[in-house]
Amino acid sequence: MPGWVLITLMTAGLVVVIWAFAAPALQGVFDEALDRVVKF
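On a predicted model such as this, the values are computed, not experimentally measured, just so you know.

A.B. asks: Can you explain the overall build of the chain? Please cite residues and give values.
C.D. replies: Looking only at helices and strands, the chain has one helix and zero strands in total. C-alpha extents for the chain along the principal axes are approximately 55 × 15 × 5 Å. Counting every position in the chain, which comprises 40 residues, the buried fraction comes to 0%.

A.B. asks: Residue-level account of the pattern of salt bridges, with values.
C.D. replies: Oppositely charged side chains may form a pair once their charged atoms are brought near each other. Under the criterion given, the structure shown has one salt bridge. Note that Arg36 is salt-bridged to Glu32, the shortest N-O span being 2.9 Å. Here Glu32 and Arg36 lie together in helix H1 (residues 3-39), a separation of four residues that amounts to about one turn. Judged by relative accessible area, which is 53%, Arg36 ranks as exposed.

A.B. asks: I'd like to hear about H1, residue by residue, with values.
C.D. replies: For the α-helix, the turn length of 3.6 residues means that residues three or four positions removed from each other point alike. Here H1 contains 37 residues, and its C-alpha end-to-end distance of 52 Å stays within 8% of the 54 Å for a straight helix at 1.5 Å per residue. At Ala22, H1 shows its strongest bend, of approximately 40°, with the proline Pro24 following within four residues.

A.B. asks: Could you give an account of a nonpolar patch on the surface, naming the residues involved and the relevant values?
C.D. replies: Taken together, Met1, Leu6, Leu9 and Met10 make up a surface patch of nonpolar side chains, about 480 Å² in accessible area. Structurally, the position occupied by Met1 is in the segment before H1. Its relative accessible area of 74% is what places Met1 among the exposed residues.

A.B. asks: Could you give me a rundown of the environment of Val38, with the residues and numbers involved?
C.D. replies: The topology assignment puts Val38 in helix H1. Judged by its relative accessible area of 63%, Val38 is exposed.

A.B. asks: Which residues make up the environment of Gly28, and what values go with them?
C.D. replies: By the secondary structure assignment, Gly28 is in helix H1. The partly exposed category is assigned to Gly28, whose relative accessible area is 36%.

Rules and cut-offs
Residues numbered from 1 in each chain as written. Predicted model: local features only at pLDDT ≥ 70, side-chain atom pairs only at ≥ 80, totals over all residues. Heavy atoms only, no water. Helix = DSSP H or I, 4+ residues; strand = E, 2+ residues; numbered from the N terminus. Buried < 20%, exposed > 50% of the residue type's maximum accessible area, 1.4 Å probe, protein only. Salt bridge = Lys/Arg side-chain N within 4 Å of Asp/Glu carboxyl O. Expected span 1.5 Å × (residues − 1). Bend = angle between axes of the 7 residues up to and from the residue. Patch = residues over 30% accessible without salt bridge, like charges linked within 9 Å, V, L, I, M, F, W, Y side chains within 5 Å. Areas by Shrake-Rupley, 256 points an atom, 1.4 Å probe, with all protein chains shown as cover.

Quick look at the structure:
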């Protein structure tokens, strides 16, 4: 297996793992910002 294939797969895996942890936090920030805009 060429090195670039391994690097691509590892990068994709890292993105999925980071997204899994970051998505709920980002959703909370987005909801809070939206609430502030709507209340004005």
